[in-house]
Amino acid sequence: MKIAVAKGDGIGPEIMEAVIGIFDAAKLPLEYQYVDMGKWVFDKGFSIGMTPEAKEAIEKLGILFKGPMETPKGKGVKSVNVTARKTWNTYANDRKFQTLSGVDTVFSKAGINIDLTIVRENIEDTYGGIEHMLTQDVAIARRFITRGGSEQVIRYAFEMAQKKGARRVTCGHKANIMKLTDGLFLEVFNEIAKEYPNLKSDDIIVDDLCMKLVSRPDLFDVIVLTNLQGDIVSDLCAGLVGGLGFAPSSNIGDHISIFEAVHGTAPDIAGKNIANPTSLLLSGLNMLRHLGMMEKAVMIENALLYTLESGVHTGDFGDKSIPSVNTTVFAQTIIDNFGKQPIQNPKPSLPDFNFVPTNSAITKNPMLLSSKNEAHKIVGADFFIETTLQPNELAAVAIKQEKDQLKLVTISNRGTQVWPTGSVFTNLVNQYRIRFETEATTPLTQSDVLDLYTELSKDFRISSVEILSMWGDKKAYSLAQGQ
Ligand code: NAI
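Positions within a chain are numbered from 1, following the residues in the order the chain's sequence is written. Two thresholds apply to this predicted model, a pLDDT of at least 70 for residue-level local features and 80 or more for giving and counting side-chain atom pairs, whereas whole-chain, interface and lining totals are computed over all residues. Side-chain metrics rest on all non-hydrogen atoms present in the structure, leaving aside hydrogens and water.

**With respect to the sheet that holds strand E16 (residues 431-438)**
In short, DSSP must find at least two bridges between two strands for them to pair. Helix and strand assignments follow DSSP, with helices taken as H or I runs no shorter than four residues and strands as E runs no shorter than two, numbered in order from the N terminus. Taken together, six strands build an open sheet; the order of strands is E15-E14-E16-E13-E17-E18 and the sheet is antiparallel. The sheet is open, and its two borders are formed by strand E15 (416-419) and strand E18 (474-475), each paired with just one other strand. Relative to strand E17 (residues 461-471), strand E13 (residues 376-386) is paired through ten bridges, and the arrangement is antiparallel. Of the residues in E17, the one forming a bridge with glutamate 386 is arginine 461. By definition, residues are in contact when any of their heavy atoms lie within 4.5 Å. All axes here are fitted lines through C-alpha atoms, helices being fitted over the stretch that makes contact, and every angle between N-to-C directions spans 0 to 180 degrees. The sheet strands contacting helix H14 (residues 446-456) are E13, strand E14 (406-413), E16 and E17, and the helix crosses E13 at an angle near 15°.

**Observations regarding the site of the ligand**
Distances are taken per atom, and a residue is near a molecule or strand as soon as one of its heavy atoms is within 4 Å of it. Around the ligand sit 20 residues in total, of which Met69, Gly264, Ala266, Asp268 and Asn276 are the nearest. N or O atoms within 3.5 Å of each other form a polar contact, as long as, within protein, one can give a hydrogen and the other can take it, and as long as residues adjacent in sequence are counted only when both atoms are side-chain atoms. Contact distances for the ligand include 3.0 Å between an oxygen atom and a backbone N or O atom of threonine 265. Residue aspartate 268 places a side-chain N or O atom 2.8 Å away from an oxygen atom belonging to the ligand. Here the open area of atoms and residues is found with the Shrake-Rupley method and a 1.4 Å probe, where only the protein chains shown may cover a residue. In isolation the ligand has 820 Å² of accessible area, and contact with the protein removes 65% of it. Here the term charged refers only to Asp, Glu, Lys and Arg, the term nonpolar to Ala, Val, Leu, Ile, Met, Phe, Trp, Tyr, Cys and Pro, and the term polar to all other amino acids, Gly among them. Its residues placed into classes, the shell around the ligand shows eight nonpolar, five polar and seven charged.

**Some remarks on the domain arrangement of the protein**
Here the protein is partitioned into domain 1 (1-90 + 266-372), domain 2 (92-252) and domain 3 (376-475). When each unit is reduced to the centre of its C-alpha atoms, the spacing between domain 1 and domain 3 is 51 Å. Reported domain spans reflect what an automatic or database domain assignment gives.

**Concerning the nonpolar core**
Formed by 69 residues in total, the largest nonpolar core has its most connected members in Phe23 and Phe65. Formed jointly, this core draws a minimum of three residues from each of two domains, domain 1 (1-90 + 266-372) and domain 2 (92-252). Formed by 22 residues, the second largest nonpolar core is a distinct cluster that contains Ile385, Ala395, Ile411 and Phe436. Throughout this description, the term nonpolar core refers to a set of buried Ala, Val, Leu, Ile, Met, Phe, Trp, Tyr and Cys residues connected via side-chain atoms within 4.5 Å. Type-normalised accessible area, obtained with a 1.4 Å probe on protein chains alone, sets the label of each residue: buried when under 20%, exposed when over 50%, and partly exposed for intermediate values.

**Overview of the pattern of salt bridges**
Salt bridge, as applied in this entry: a Lys or Arg side-chain nitrogen positioned within 4 Å of an Asp or Glu carboxyl oxygen. By the definition in use, this model includes 27 salt bridges. Residue lysine 55 is joined to glutamate 59 by a salt bridge in which the shortest nitrogen-to-oxygen separation is 3.3 Å. Note that lysine 55 and glutamate 59 are positioned in helix H3 (residues 52-61) at a spacing of four residues, about one turn of the helix. The class for lysine 55 is partly exposed, based on a relative accessible area of 32%. Salt-bridge contacts for glutamate 191 lead to arginine 147; the nearest nitrogen and oxygen are separated by 3.8 Å. In this pair, glutamate 191 is assigned in helix H7 (residues 181-193) and arginine 147 in helix H6 (residues 147-164), connecting sequence segments 44 residues apart. On the accessibility criterion, arginine 147 (17% relative accessible area) is buried. Each of Arg147, Glu187, Glu191 and Lys372 takes part in one network of salt bridges that share partners.

**Re the pairing of strand E3 (residues 63-66)**
Because side chains alternate across E3, one face comprises the buried residues Ile63 and Phe65, and the other comprises Leu64 and Lys66, equally buried. Relative to E3, strand E1 (residues 2-6) runs parallel, the two sharing three bridges. Each residue of the ladder has a partner; that of alanine 6, found in E3, is lysine 66. Where E3 lies against strand E12 (residues 257-261), four bridges are found, and the strand directions are parallel. Residue pairing for E12: phenylalanine 65 is matched across the bridge by phenylalanine 259.

**Some points on the pairing of strand E2 (residues 31-34)**
Of the pairings in the sheet, the one linking E1 to E2 comprises four bridges and is parallel in character. Opposite isoleucine 3, over in E2, you have tyrosine 32 as the bridge partner. Handedness of a crossover is defined as follows: with both strands directed away from the viewer, a clockwise route from the first strand across the helix to the second makes it right-handed. Taken together, E1, helix H1 (residues 12-25) and E2 constitute a β-α-β crossover, and its handedness is right-handed.

Here you go:
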């Protein structure tokens, strides 16, 4: 079996060499095709941070094992790590966090065992990076949550939870505030949960989740979240079990999957042969399971756990009274411990979750279509305009554009209603949203919205327009705060 390997930048090549050395010693039936990705590839003029040959090899082989990579700063280029995850639709970021003997934490000292998996949506949310300045003072980001994207990641979480015999699947969200975006994610979670009646499923508001994770982490098992919330919560969980160095990460897609360390390139220690290869090794073990090499994965993991509990450590963790070893010695100790079983650490389970990727050849971009098919109508529009007028002055100008049954219904600033009612204490920026809605039963057309745009543009600089829709009898837009 052949996989693509990208060594990465900074400590990447050192920890990759250590991990491949362990794999070779375990006589894995793996061949490696090294591909060119990372900062030095950006520096050579490849704007996405990888060569066309690397892209072709990864798309052909379907598995990328990668070290951390640096994104050059101030050159306007996007992170190659994020580009890879998004381009190849690795929709589920699966990160497992467990108490490890030899890695002391507040919880391990208190006898509280942690065994958590965070599944983070990996493509959507504000990570679309679709951002605009509406005025010189106001920046906005678009947050995409889609039914199809949510279905992919949530179904993965339930499948994984079922196969690993999880106690509970929890959806973390902020649907109390973001009723449409997080609301959609939660709706899809509740729909999919019904297909897994044997699994306990529930949901929790993300701030409450954070509080409970730091006080009772043992209560949770599998948690699924949207991208940004999942990003933050998964690093919080890394802290619970001793830091980023002990948290493996898999980016799972239907056709291509990426296995990588979660930490960065650690430029402060690069080239010194002192970096800890554990995170990359654990991610590599996830990859072996993904490829069905269960026995070898368990054998190597046992050796790693035995090594950790015997007190052998690199400089970044462990008992400071025991001298640390370098990367090469740490890796060699793991090899020397092949065949040994950990005594205090929980033994890795066999078989573990084995995700079966779809191997069919792809010729067209897959379209994630929903089965929902309700009648659509346009009922109004939000115009985002730049002005320093006071709310009443602005309303007086905008109201002149009301016609037939198209009425000005609300004006808000930073999402808070300031007209027809509001408070003089609300601070303003030079960017308002003015909302027109129709009172007529006949829906508006796109031309009606364009006509209104043309009229309003005579008085204001319009920075953006959002169509107000209804599907069936459901309004597909949120109210302003205070409306
Ligand atoms: P970092 O994770 O590289 O370093 C943070 C601290 O942790 C440093 O003190 C470092 O020495 C230490 N550290 C990290 N990994 C270690 C290891 N394996 N063994 C021992 N100590 C370790 O984070 P930082 O400094 O914020 O980022 C450095 C670069 O890495 C940036 O260019 C960033 O863009 C990139 N990065 C890449 C990621 C990826 O490829 N997935 C993820 C995060 C950052």
